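In case you want the letters, here they are:
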Amino acid sequence: MTTPRTGTGAGTAGVPPWSMAIAAMLAVQLSNALSVSVIEQIGAAGTAWLRMCFGAVFLWMIARPAIRSLRRRDLPALLVLGTVTGFMTTLFLAAIERIPLGTAVAIEFLGPLTVAGLMSRQRKALIWPLLAFAGVVALTEPWHGTVDLAGAGFALAAGACWGLYNVFTQHIGDRFSGISGLSLTIPIAAAATLPFGLPQVTGGDFTWWVLPAAAGIALITPVIAFGLEMLALRRMNHTAFGTLLSVEPAFGILIGLLVLAQSPTPMQVLGIAVVIVAGAAAQRSGARTAGPAPGEEKAVTPKEAP
């Protein structure tokens, strides 16, 4: 028995899938930038937890999953995916509390890029994570002695979660379609981050506007952004989506500039360019073989991004 298809995106048939993917990436980075003001009130963990809680509520209002259709062998992947989704967001918000948004995205991108290199049958694929690392070094400019090691560490940890997110989403993509998988994993993400988020929410500088702000951000990500991602992935192969994904660090720089007034130096722009080239090159041999539709053992690999 399979989960009923929810959110098939029939109304988006005439919309180019690459445009939905681009919109999703911009939405992710916008939600991260907008989270900065909330982080100042209740901390990174509190902000991430509220985003997951409101995201779970919205997703269940839109697409309540068929719980009875779950199989026992689905549970480990759902639990792992939900947990890494929650901590991917929490750790990334902790990073942007300390370092610029574009830099954090570039460092985080090392995670899925390294996982892709390690899982590749071609050892030369490891060249691209190394090239991206060189770009990150240019971004952080350690020779100036101003690197925030805690911020970089949080971004690296978020990247490790992002890499695991991609791996386990393949299994969930085999089993569920549309946003049905999200409506199962986001509540798990909220539960996993509760021990870290709730104390910050209750003990922070809580003001009335925090809740509506967190709700609005949650509507952008995870609901709209991840929903657009899922719809795009149903009509794009892994190589095409992965190549688009490589421009996300540039979107981080752009949103950081427009929303947070974080201006990159010329060396940082060069670093971003190197990361983008490495990400795009890594996808040239990264396509998955096309399979049947979701619910019939098809697997897709979304991003996913805080």
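These numbers were taken from a predicted model, which means no experiment stands behind them.

(A) Highlighting the overall build of the protein chain. In terms of helices and strands, the protein chain carries 10 helices and 0 strands. Starting at the N terminus and ending at the C terminus, the protein chain contains elements arranged as α-α-α-α-α-α-α-α-α-α. In the protein chain, which comprises 306 residues, the proportion classed as buried is 52%. In the form shown here, the protein chain has an accessible surface area of approximately 13,100 Å², with 69% of it arising from carbon and sulfur atoms.

(B) Just empty space enclosed by the protein, in detail. Taken as a whole, the second largest cavity holds about 60 Å³ of empty space. Taken together, Leu81, Thr85, Tyr165, Thr169, Ile172, Gly181, Leu182, Thr185 and Met230 make up the full set of residues lining the second largest cavity. For the lining of the second largest cavity, the elements supplying multiple residues, two or more each, are α2 (75-96), α5 (149-175) and α6 (180-203). When grouped by side-chain class, the residues that make up the lining of the second largest cavity number 5 nonpolar, 4 polar and no charged.

(C) View of the packing of α2 against α6. Across the interface, α2 lies against α6 with an axial gap of 7 Å and an inter-helix angle of 55 degrees. In terms of orientation, α2 and α6 fall into the oblique class. At the point where α2 passes α6, the crossing takes the right-handed sense. Of the residues in α6, those touching α2 at Leu78, Leu79, Leu81, Gly82, Thr83, Thr85, Gly86, Phe87 and Thr90 are Leu184, Thr185, Ile186, Ile188, Ala189, Ala192, Thr193 and Phe196. Partitioned by chemical class, the residues of the contact of α2 with α6 number 10 nonpolar, 7 polar and no charged.

(D) Local environment of the pattern of salt bridges. For the structure on display, the rule yields 2 salt bridges. Between Arg71 and Asp74 there is a salt bridge whose closest N-O contact spans 3.5 Å. Accessibility expressed as a relative area gives 25% for Arg71, which makes it partly exposed. The partner of Arg98 in a salt bridge is Glu97, and the shortest N-O contact between them spans 3.4 Å.

(E) Representation of unusual backbone geometry within the structure. In this model, Thr221 is joined to Pro222 through a cis peptide bond whose omega is 25 degrees. Residue placement: Pro222 occurs in helix α7 (residues 210-233). Although it is not a glycine, Ala261 sits at a positive phi angle of roughly 55 degrees. Here Ala261 is to be found in the loop between α9 (248-260) and α10 (266-282).

(F) Examining the environment of Leu131 more closely. Here Leu131 shows up in helix α4 (residues 127-140). Separated by 21 residues in sequence, Leu131 and Leu110 place their C-alpha atoms 9.9 Å apart. Contacts of Leu131, omitting those with residues within four sequence positions, involve Val274 and Ala278.

(G) Highlighting the side chain of Gln268. With respect to the secondary-structure elements, Gln268 resides in helix α10. There is a polar contact of 3.1 Å between the side chain of Gln268 and the backbone oxygen of Leu139.

(H) A look at α4. Look at α4: 20 Å from first C-alpha to last across 14 residues, which is about the 20 Å you get at 1.5 Å a residue. Burial in α4 covers these residues: Pro129, Ala132, Gly135, Val136, Ala138 and Leu139. Considered in projection along α4, the buried side chains sweep an arc of 165 degrees and stay on one side of the axis. Buried-residue contacts for α4 involve α3 (101-119) and α10. Where α4 terminates, the next one or two residues include Glu141, which has phi positive at roughly 50 degrees.

Rules and cut-offs
- Residues numbered from 1 in each chain as written.
- Predicted model: local features only at pLDDT ≥ 70, side-chain atom pairs only at ≥ 80, totals over all residues.
- Heavy atoms only, no water.
- Helix = DSSP H or I, 4+ residues; strand = E, 2+ residues; numbered from the N terminus.
- Buried < 20%, exposed > 50% of the residue type's maximum accessible area, 1.4 Å probe, protein only.
- Areas by Shrake-Rupley, 256 points an atom, 1.4 Å probe, with all protein chains shown as cover.
- 1 Å grid on protein atoms, 1.4 Å probe; cavity = no way out; pocket = protein on both sides within 12 Å on 5 of 7 lines; lining within 4 Å.
- Points joined across faces, edges and corners; volume = space filled by probe spheres on them.
- Nonpolar A, V, L, I, M, F, W, Y, C, P; charged D, E, K, R; others polar.
- Axes fitted to C-alpha atoms, helices over the stretch in contact; angles between N-to-C directions.
- Parallel < 35°, antiparallel > 145°, perpendicular 65-115°, else oblique.
- Left-handed = near helix turned anticlockwise from the far one by under 90°.
- Contact = heavy atoms within 4.5 Å.
- Salt bridge = Lys/Arg side-chain N within 4 Å of Asp/Glu carboxyl O.
- Polar contact = N/O pair within 3.5 Å; in protein donor to acceptor, adjacent residues only side chain to side chain.
- Expected span 1.5 Å × (residues − 1).
- Arc of directions from axis to C-beta.

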